[in-house]
Amino acid sequence: MRFRLDTEQRDFADALRGLLAAADTPTVVRDWSRGEHASGRALWGRVAEAGVFGLAVPEEYGGAGRRPVELTVAFVELGRHAVPGPVAETVAAAVLLDDGEGLAKRFLPGIASGETMATVASENHGYGFALDGDAADVRLAATPEGLRLSPGAGAVRRSLDPARRLTPLPPVGELVSTEPVWAEAVLWARLATAAQALGVGLALLDRTVEYVRQRTQFGVPVGSFQAVRHRLADVKIALEFARPVVFGAAVTMAPADVAAAKLSAGEAGYAAARAALQLHGAVGYTAEYDLSLWLTKARALRGAWGTPEECRRDVLEGRT
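Read on for an overview of the structure. (Residues numbered from 1 in each chain as written. Predicted model: local features only at pLDDT ≥ 70, side-chain atom pairs only at ≥ 80, totals over all residues. Heavy atoms only, no water.)

### What to know about the pairing of strand 3 (residues 138-143)
Along any regular strand the residues' side chains alternate between the sheet's two faces. Our working definition: A simple rule labels every residue: compare its accessible area, found with a 1.4 Å probe on the protein chains alone, to the largest value its type can have, and call it buried under 20%, exposed over 50%, or partly exposed in between. Secondary structure counts use DSSP, requiring at least four H or I residues in a row for a helix and at least two E residues in a row for a strand, with both numbered from the N terminus. Paired strands, in this sense, are two strands between which DSSP finds at least two bridges.
Taking burial as the measure, the six residues of strand 3 include five buried ones, the bulk of the element. Pairing of strand 1 (residues 118-120) with strand 3, which is carried by three bridges, proceeds in the parallel orientation. Within strand 3, the position partnered with Thr119 by the bridge is Arg139. Where strand 3 and strand 4 (residues 146-149) come together, four bridges link them in antiparallel fashion. Bridge pairing in strand 4 places Thr143 opposite Gly146. The turn linking strand 3 back onto strand 4 is made up of two residues.

### Concerning helix 8 (residues 226-252)
Inclusion rule: By this rule the span expected of a helix is its residue count minus one, scaled by 1.5 Å. Contacts are assigned to residue pairs with any non-hydrogen atoms lying within 4.5 Å of each other.
The end-to-end C-alpha distance of helix 8, which contains 27 residues, comes to 40 Å, matching closely the 39 Å that a straight helix rising 1.5 Å per residue would cover. Among the residues making up helix 8, those that are buried are Val228, Leu232, Val235, Leu239, Ala242, Val246, Phe247, Gly248, Ala249 and Ala250. In this structure, the buried residues of helix 8 make contact with helix 4 (68-80), helix 7 (182-214) and helix 9 (255-280). Just beyond helix 8, the residue with positive phi is Met253, at close to 55 degrees.

### Considerations on the packing of aromatic side chains
Under the convention used in this document: Pairs were defined over the aromatic rings of Phe, Tyr and Trp, the Trp ring being its six-membered one, requiring ring centres within 6.5 Å. Orientation was assigned from the angle between planes: stacked under 30 degrees, edge-to-face over 60, tilted for the rest. Note on criteria: charge over ring means Lys NZ or Arg CZ within 6 Å of the ring centre, with the direction from the centre no more than 35 degrees off the ring normal.
Counted according to the given criterion, the structure contains two aromatic pairs. Here Trp44 and Phe53 contribute two aromatic rings whose centre-to-centre distance is 4.4 Å and whose plane-to-plane angle is 20 degrees, an arrangement assigned as stacked. Neither Trp44 nor Phe53 differs from the other in exposure class; each is buried. On the basis of an interplanar angle of 35 degrees and a centroid distance of 6.1 Å, the ring pair of Trp182 and Trp305 is categorised as tilted. Of this pair, Trp182 sits in helix 7 while Trp305 sits in the loop between helix 10 (291-303) and helix 11 (308-317), and the two are 123 residues apart along the sequence. The residues Trp182 and Trp305 share a single accessibility class, namely buried. Arg66 extends its terminal NZ or CZ atom over the ring of Trp188, reaching a point 5.7 Å from the ring centre.

In structure tokens:
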């Protein structure tokens, strides 16, 4: 499949890229990692104002209608700039809360406007854990009885990515649905996570190329060494192969296609992280160095909303 963005979609990506480039996201990420949410919530509001979360919300509730291709465009940029917060989880929550009745009217306008940050327990962390439950306004907990609005979150658990803060959700609270559309919510969250992983990989590649051009050894740039060039070429090829898989999945929204997109983008992003770490040398291990913010995110996104093994199984079985 050959997929090319139209002019409006490219302009949307450019506008969002400019907004995020001016936002000093590394500082925002570090604040978020410490549990200081003010700068992250401010950035969240600007992202929502650009229309990102409205892409998962029907027009009658203040959104742009569900537009998976444009959502993918946006989430590539969110990944490219390592934006923190439960971004994919808010998309999943928007799907779960779209009942066409009371829940939708109650919550979806706030999600579209950015006033409401939502989270939901993801399958791979067990139904008792959710991302950033300490910061979210709406916490959805899956229980044997159905979907509940959790009244609070427990203590933050450490995660591989410091900006992805896991919190337990108690299985109590208002029962809002006895038959939640969990499979559909996973589908949208998985697509958003795949796009994020692609963006993270692209950022890691760009940063590594810039670094090896500047770093010298034996009087010449490290980037001139054949082994380095081949390693980066492999990363570039993996990302370029993943890109059409991700956008193709956004067009079809078929469960197996989305699983393939998550697998391809997650593996490509992880490969970019491994190459970046190797080619940066010892400085790549330093938490104070901004590269670490993308390294840890690539590893965490690889398993979020579907591990590689789960996605392979879902591709082979043709389901989500």
